[in-house]
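These are the residues of each chain, in order.
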Amino acid sequence: MDIIGSSVHRIESVEKVTGEARYTHDIKMEGMLYARILTSPYPHAKILSIDTSRAKELPGVFAVLTGEEIPYKVGLYMVDKPVLAQGKARYQGEPVAAVAAVTEEIAREAVKLIRVEYEPVQPVFDPVEALKPDAPLVHEKLGEYSYVKGVFFPEPGTNVASHIKIRKGNVFEGFAKADRIIENDFYLPQVNHVPLETHSSIARWGKNGEIEIWTSAQSPFAVRNLLSVSLGISPAKIRVHVPYVGGGFGGKAGIHLEPLVACLSKAADNRPVKIVATREEEFNTLPVRQGLKAHIKTGVTKEGRIVAEEINYYWDAGSYADYGVNIGRAGAYAGAGPYDIDNVSIDSYTIYTNHVFGTAYRGFGHLEVLWAIERQMDIAAHELGMDPYDFRMKNLLRPGSITITGEKINENTGSVIKCLEAAAKEIGWGKPKTEEELEEEKNTGRVRGKGLAVLHKAPAMPTNTGCAAILKFNDDGTINLLVSGVDYGQGTYTTLAMVAAEQMKMPVEKIKVVYDNDTDMMPYDWQTVASRFTFMGGNAVIRAADDLINQMKDVASRVLRAPKEELEIGNERIYIKHNPDEYLTYRQVALGYTYPNGNAIGGPLIGRGMYIAQGLTNLDPKTGQGLPAIDWTYGAHGVEIEIDTNTGDIRVLKIVSAFDVGKVLNKELCEEQVVGGVLQGLGAAICEQYLYRDGVLLTRTFTDYKVPTSMDVPDEIFPIFIETPQLDGPFGARGVAEHPMISVPSAIGNAVYNATGVNIYEVPMTPEKVYFALKNRA
Amino acid sequence: MKDIILKVNGRKYNLRIDESMTLLKVLREELELTGTKEGCGEGECGACTVLMDGKAVNSCLVLACEAEGHDITTIEGLADGELLSDIQEAFIEHQAFQCGFCTPGMIMTIKGFLDENPNPTEDEIEEAIAGNLCRCTGYKPIVAAVKDLVERRGNDGYNR
Ligand code: FES
Ligand code: FES
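Cut-offs and rules
Residues numbered from 1 in each chain as written. Chains lettered and ligands numbered in written order. Predicted model: local features only at pLDDT ≥ 70, side-chain atom pairs only at ≥ 80, totals over all residues. Heavy atoms only, no water. Helix = DSSP H or I, 4+ residues; strand = E, 2+ residues; numbered from the N terminus. Rg over C-alpha atoms; globule rule 2.2 N^0.38 Å. Buried < 20%, exposed > 50% of the residue type's maximum accessible area, 1.4 Å probe, protein only. Contact = heavy atoms within 4.5 Å. Core = buried A, V, L, I, M, F, W, Y, C linked by side-chain atoms within 4.5 Å. Domains from an automatic or database assignment. Buried area = accessible area lost by both parts, 1.4 Å probe. Salt bridge = Lys/Arg side-chain N within 4 Å of Asp/Glu carboxyl O. Polar contact = N/O pair within 3.5 Å; in protein donor to acceptor, adjacent residues only side chain to side chain. Nonpolar A, V, L, I, M, F, W, Y, C, P; charged D, E, K, R; others polar. Pairing = 2+ DSSP bridges. Axes fitted to C-alpha atoms, helices over the stretch in contact; angles between N-to-C directions. Phe/Tyr/Trp six-rings, centres within 6.5 Å; stacked < 30°, edge-to-face > 60°. Lys NZ or Arg CZ within 6 Å of the ring centre and 35° of its normal. Patch = residues over 30% accessible without salt bridge, like charges linked within 9 Å, V, L, I, M, F, W, Y side chains within 5 Å. Areas by Shrake-Rupley, 256 points an atom, 1.4 Å probe, with all protein chains shown as cover. Lys, Arg positive; Asp, Glu negative; His and termini not counted. Charge placed at Lys NZ, Arg CZ, Asp CG, Glu CD.

*Asks:* It is not clear to me how the overall build of chain A should be interpreted in this structure. Could you clarify?
*Replies:* The helix and strand inventory of chain A stands at 18 helices and 35 strands. A globule of 778 residues ought to have a C-alpha radius of gyration of about 28 Å, and chain A, at 27 Å, matches this closely. Referenced to the eigenvectors of the C-alpha coordinate spread, the extents of chain A come out at roughly 95 × 70 × 50 Å. Counting only residues that meet the buried cut, chain A has 66% of its 778 residues in that class. Relative to all contacts within chain A whose residues are 6 or more apart in sequence, the contacts with residues 24 or more apart total 79%.

So, in C-alpha cells, the structure goes:
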C-alpha cells in the first residue's frame, strides 16, 4: 500500500485558492428571479390573516406565496414542517410568506408590503416545562403526522416528538449494590453550525412538470427524495445538482430552502428562483443544534465500578423535529458513553418548544450527551477520591463488554482504552506541578489544569443505508470516479480517489472525481452525514474497482490467451503473473481492445460497486436492544488549560486528541479534520450559545454570536491515530469527521475542576460563568 | 443611477450602477467575479476581502462609487494564468482550506498584510487574520502556510 496512508492534497485545491470553485451562491441563470421571505416576529402566534395584495402589485414581483397556497409538509424522520407557516407560527424567525421578484431589492420591498395579522398564544421554551400536562402544545396535530414508525415514538397530545428508551439489566438492583450514588444535572444551549456559505438554493419548475434544483446541500438524493415525498412527484422528475458547498456540519443535511424556491418557481411563470439566506436568517430561520438538559444518576462501588446508571435526556428540539428525533435516538443508544455498565436505563425525549428548530450538527447529539457523561464521570471519581483516569480505566468498554443496546465488543471494534492511554500520556497526566509553577500561579492568578474525556460515535442512519460508485475509463486509461456523496471540504473525494488508485494500482493523479453532483447522472448515495461517506463510499469504490478489474481481466485473458486467474494488475498493466512481459496496458482495454487486423473486443469498461449497511436492526421499542451501528469510532482528549482567576478567562494551551480510526487513509486530511473539529468543539465549550429574550433570538449576528477566531486557537493541537483495523472498513478504516469535536467541552470542563476545584455543569464556559463559579466557591 | 469607471485586476470597466450598491455586489453581480464571497454582508466575517490600493478592505462595507479611482484587486487577479501566486501555492502546500469559502478573502487579507509587513511573527499573523472567520480549518494550517511562505520569501527573496 503506497497511496493509502500517504498525504495527498485535495484534488480541488487549485479551484479553491483561485476563486474558481463555484458555489450555489455564485450561480446566476438566464431569467432568474430572487426570493425573500417574511418571518414571524412572535415565537408562537396564530396567523389570523395575510394580505399580500400590495406586494403582488409591486412592479417586478412575480409571485407571492403563503402557507395557504402551498400546503406541503417536509421531514426526513418526522414529517412535521410546513414549507411556509400554516395556521400558526411556531418560532420567531419562521417563514410566513415569500416573494419572488426580478431583483433582490424589489423582493425585499415587496416583503415589507405584506400585512400579517397575528394572535400571539402562550409559548413554551424550556423542554422540561414543555413536558408538563398543562404546557401549551406546539403541535396540536402530532397524532396525524407521518413518521418512521417503529423507529420513533411520538406521544400525541403532548410536546414529545419521540421518546426513546434503553433498558439494560435492572437499575434498581444495580443501585442497591452501589456504595455511593451521584446525581447531577447538566445543560447545553442551542448553537449554530455557522457554515461560511449560508444556505442557498435555486429551483426551476418546468412547464413539463419537472423540477431542477441547484443547492448548497449535503445530500442531493435526500433532497430529491424528500421533495418527491412532500410534493407527491416522482423522483425521476426531480433533478438535484450540488455544486461546491461552503461548509455543512450537518446543517445542510436533509432538506431546507429547496421546496420553497421550487414552489415559488412554479408560481412565477416557471422562471428559476434563487434564495440566499442572510446571515441573520442563517441564525434565526434555518435550523440549529438542539439544546439539551440532562439528569444523570450514577451508582458506584467504593472500588470504583459503575453498577447502575439512570439517565434522562430532554432535548430542546425547537419547533420542528423533522430531523431532531433521530438525534434523540442516537443520543440514547450512545447515551451512557463508551462504558461497560451492567444496569442502565435511559429515557431520551425529543421535545417541541417554541425555539428555532434543531437538526443534525457535527457529532449528532454525542457532544451533548458526552458533556453530561464525561463531567459526571469526573465528578464520580472525585467523590470516590479516585483519579479520573483510573476510574475510567476500570469502567471503559473492552473486548467482551456488552454495550447498552446489547452489542458485543470484540478485538476489532476499536479501543477507547488505547485512545485514553495515548491522550493521557501525551498531555502528561498525573505529573504534579513544581514548586515554582505553584508559586507562579499564586502570583499571577493564572492557574493551570488538565482534563481528560473519552468519546464514541457511530453513524446514525437507517438500517438499509446504501451507497453506490461508478468507475469509467477514459480513452487514455485514466478513470472518472462517480459518487454522489458531497465533499464540502472534508476531503472525502480525495480519499476516495486514493482508495480507487490503490485498488486499481495506478497513480492517484489519474483518477478524476467528478465534482458536478447531479442526481440524474450520479449513482445513488443516501446522505453525506454521520462520518459514513469514507466508510461506505470507500467500500463501494473498492467494489467498483474490483468489478472493473474483473472486466479488464476478461478482455486481457482473451488477448493474452491466459486464464483469468493467472492475470495480475500493476503499473497500469494487466499482465501474466509468471511472465510480466506479456501484458496489456489499461489504455488498451479502456474503450475496447483492437487487434492489429481491426477486430475489436470488450468495449468501454464501467466498474460498478455498491455497499449497504449490514446487519443493522431497529431497536426494540421497550428496551432499545438491537444493533444500531456499523462502526464505532472511539476517541479521547487530554487538555491543558490556563484560567485567569481574575477574569474567568480560559486559555487552552494544548489539546491531545486520540482516535481509533482503524486505518489512516490520508494522514494530512485526517489531521486537518482533528484540528478543525477541535476548534469547533472549543467554540461550543467556551463561547457559542443561542440567547433568547421571551422567545426572540438575541444572537443573530457575528457580533452577538461569537465563533472562534484565529486568536482563540490553542497553542498546540496534537492528533494521535490508533489503528485497530475495522474488518469491514475500506482498508480497515472508520469515519472520523465528527469525532474531533465531541467531548472537547467535557475535557475542558474537567480541566477547570482540576485547576480550581470548581465544577461547571453548563456550557459555554464563558469568562463570566467561570468567574462567578470561582467567586461563589470563595 | 450613476456612471462609474472601476479598475479591477488591472482592467477598466464602465458601469452604470445604483449608488447604494456595494463593491461586493458590483464585483459579484455586475462583473461576475464571484471568487469574492459574501459571508455576512456586515463587515464581520472577512469572506468579501479585496485589496483597494493594496490594502485589505471588506468589500461589503465599501460602496462601489467610493471604489472609483482606486486599484481593486480580487482573488481572480492573483494568479498569472495557471501560474499561481506564492500565497496560493503555500495554501495548497499546507492545505489551508477545507470548504474553501473563506479562502479567497483569507488570501487577500494575507496578501495585503504581507505586503505591508513582510516579516511578521506568529502572533502578528494570527492577529492579521482575526477578522476572517474560517469554520473548517481551525486556522492552524493557514498560519502555518503564512509562516512557511514568509520563510521562503526570505530565503530566495522571491515574491510573486
Ligand atoms: S461579507 Fe463582508 S465581512 Fe462578511
Ligand atoms: S475553509 Fe471552510 S470556512 Fe474556511
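*Asks:* Can you help me understand the environment of Ser228(A) in this one?
*Replies:* Residue and element names in this part refer to chain A. For Ser228, the position within the fold is in helix 5 (residues 220-231). Of the residues examined, Ser228 reaches a relative accessible area of 10% and is grouped as buried. For the pair Ser228 and Val74, spaced 154 residues apart in sequence, the C-alpha to C-alpha distance is 9.8 Å. Sequence-distant contacts of Ser228, defined by excluding residues within four places in its chain, comprise Ile233, Ser234, Pro235 and Ile238.

*Asks:* How should the nonpolar core be read in this particular structure?
*Replies:* Nonpolar side chains tend toward joint burial in soluble globular proteins. By size, the foremost hydrophobic cluster in this structure holds 281 residues, and its most contacted members are Tyr313(A), Met504(A), Ile748(A), Met765(A) and Phe91(B). Non-local contacts of Met504(A), meaning those with residues more than four positions away in its chain, are made with Phe473(A), Ile479(A), Ala545(A), Leu548(A), Ile549(A), Met552(A), Ile569(A) and Tyr586(A). Core analysis: the next-biggest nonpolar cluster, separate from the first, contains 18 residues, Val8(B), Ile17(B), Leu31(B) and Leu33(B) among them.

*Asks:* How do you make sense of the domain arrangement of chain B when you look at a structure like this?
*Replies:* All names here are of chain B. In terms of domains, chain B is made up of domain 1 (2-76) and domain 2 (86-152). Each of domain 1 and domain 2 has a C-alpha centre, and these two points are 21 Å apart. If you look at the interface, domain 1 gives 16 residues, while domain 2 gives 13 residues. Carbon and sulfur atoms make up 65% of the area that domain 1 and domain 2 hide from each other, which totals about 1100 Å². On the surface where domain 1 and domain 2 come into contact, there are one salt bridge. For the pair domain 1 and domain 2, the interface holds four residue pairs in polar contact (both at pLDDT 80 or more). Contributing elements (two or more residues each) for the side of domain 1 that touches domain 2: strand 3 (49-52) and strand 4 (55-58). Ranked by residue count, the leading element in the side of domain 1 that touches domain 2 is strand 3, at three residues.

*Asks:* I would appreciate a short explanation of unusual backbone geometry in the present structure.
*Replies:* Trans is the common state for peptide bonds, and a negative phi is the common state for residues other than glycine. All names here are of chain A. That bond from Val763 to Pro764 is cis: its omega, -5 degrees, falls within 30 degrees of zero. Tracing the chain through its elements places Pro764 in the loop between helix 17 (744-756) and helix 18 (767-777). One non-glycine residue, Asp269, lies in the positive phi region at around 55 degrees.

*Asks:* Where do I start with the interface of chain A and chain B in this structure?
*Replies:* Frequently, the measure chosen for interface size is the accessible area that the parts lose on association. With 55 residues of chain A in contact, the opposing surface of chain B contributes 45 residues. When chain A packs against chain B, the two sides together hide about 3800 Å² of surface, and 56% of this comes from carbon and sulfur. Its largest share of buried area at the contact with chain B, chain A owes to Val17(A), Leu196(A) and Ser710(A), together 19% of the area lost on that side. The tally of links from chain A across to chain B stands at five salt bridges. For Glu105(A), the salt bridge identified is with Lys25(B), shortest N-O distance 2.9 Å. On inspection of chain A and its partner chain B, the count reaches 27 residue pairs in polar contact (both at pLDDT 80 or more). Those elements that provide at least two residues to the side of chain A that touches chain B are helix 1 (13-18), helix 3 (104-112), helix 16 (667-686) and strand 35 (716-722) of chain A. Here the element with the most residues in the side of chain A that touches chain B is helix 16 of chain A; it accounts for eight residues. The residue inventory of the side of chain A that touches chain B, partitioned by class, reads 21 nonpolar, 19 polar and 15 charged.

*Asks:* Before we go on, may I ask you to explain the pairing of strand 27 (residues 579-585) of chain A in this structure?
*Replies:* Side-chain positions along a regular strand alternate between the two faces of the sheet. Residue and element names in this part refer to chain A. As defined by bridge partners, strand 26 (residues 573-576) adjoins strand 27 across four bridges and the pair is classed as antiparallel. Looking at the pairing, Tyr575 lines up with Tyr583 of strand 27. The turn linking strand 26 back onto strand 27 is made up of two residues.

*Asks:* Please explain the pattern of salt bridges as it appears in this structure.
*Replies:* Pairing is possible between side chains of opposite charge, provided their charged atoms come close. One pass over the full model with this rule turns up 46 salt bridges over all chains. With a shortest N-O distance of 3.1 Å, Lys564(A) and Asp554(A) are connected by a salt bridge. Of the two residues, Lys564(A) sits in the loop between helix 14 (533-560) and strand 25 (567-570) while Asp554(A) sits in helix 14, which places them ten residues apart along the sequence. Note on Asp554(A): relative accessible area 33%, which makes it partly exposed. Linking Glu116(B) and Lys55(B) is a salt bridge whose minimum nitrogen-to-oxygen distance equals 3.2 Å. With a gap of 61 residues between them, Glu116(B) in helix 3 (residues 103-116) and Lys55(B) in strand 4 connect regions that are remote in the sequence. Because the salt bridges share partners, they merge into one network encompassing Arg36(A), Glu104(A), Arg108(A) and Glu281(A).

*Asks:* How should the sheet that holds strand 32 (residues 649-660) of chain A be read in this particular structure?
*Replies:* Hydrogen bonds between backbone atoms are what pair the strands of a sheet, whose relative direction is either parallel or antiparallel. Residues and elements named next belong to chain A. Strand order in this open sheet of four strands is 20-31-32-35, and the pairing throughout is mixed. In this open sheet, the two strands that pair with only one neighbour each are strand 20 (446-457) and strand 35. If you compare each strand with its neighbour and ignore which way they point, the axes differ by 15 degrees on average. Sheet topology note: the strand 31 (residues 633-644)/strand 32 ladder contains ten bridges and is antiparallel. Bridge pairing links Asp644 to Asp649 in strand 32. Sheet strands in contact with helix 16 are strand 31, strand 32 and strand 35, and its direction is about 125 degrees off that of strand 35.

*Asks:* Explanation requested: the packing of aromatic side chains in the structure shown.
*Replies:* Geometrically, a pair of aromatic rings is defined through the distance of the ring centres and the angle of the planes. Within the structure shown, the criterion is met by 26 aromatic pairs over all chains. Both rings, one in Tyr42(A) and one in Tyr118(A), keep their centres 5.3 Å apart while their planes meet at 65 degrees; by these two values the pair is edge-to-face. Taken together, the residues span a long stretch of sequence, with Tyr42(A) in the loop between strand 1 (33-39) and strand 2 (45-51) and Tyr118(A) in strand 8 (residues 115-120) at a distance of 76 residues. According to the relative accessible area criterion, Tyr42(A) is partly exposed, its value standing at 32%. Among the aromatic side chains, those forming a connected cluster through ring pairs are Tyr23(A), Tyr244(A), Tyr493(A), Tyr515(A), Phe533(A) and Phe101(B). Residue placement shows Arg573(A) over the ring face of Tyr583(A); its charged tip is 3.9 Å from the ring centre.

*Asks:* Mind showing me how you'd approach a negative patch on the surface here?
*Replies:* Where like charges cluster on the molecular surface, the negative patch consists of Glu435(A), Glu436(A), Glu437(A), Glu439(A) and Glu440(A). Looking at the secondary structure, you find Glu437(A) in helix 12 (residues 435-444).

*Asks:* What's the story with the domain arrangement of chain A in this structure? I'm lost.
*Replies:* Residue and element names in this part refer to chain A. When the domains of chain A are assigned, the result is domain 1 (13-121 + 199-276), domain 2 (291-461 + 618-777) and domain 3 (466-612). The distance between the C-alpha centroids of domain 1 and domain 2 comes to 36 Å. Contact with domain 1, which involves 20 residues of that partner, is made by 23 residues of domain 2. Carbon and sulfur atoms make up 59% of the surface buried where domain 1 meets domain 2, a total of about 1800 Å² over both sides.

*Asks:* Any chance you could explain the pairing of strand 21 (residues 466-473) of chain A here in plain terms?
*Replies:* Residues and elements named next belong to chain A. Summarising burial for strand 21: six of the eight residues are buried, a large majority. Taken together, the seven bridges between strand 21 and strand 30 (residues 606-612) define a ladder with antiparallel strand orientation. Residue pairing across strands places Ala469 opposite Gly609, the latter belonging to strand 30. Pairing between strand 21 and strand 22 (residues 479-482): four bridges, direction antiparallel. Bridging from a neighbouring strand, Ile470 pairs with Leu482 of strand 22. Hairpin connection of strand 21 to strand 22: five residues between the antiparallel strands, including Gly477 at a positive phi of 90 degrees.

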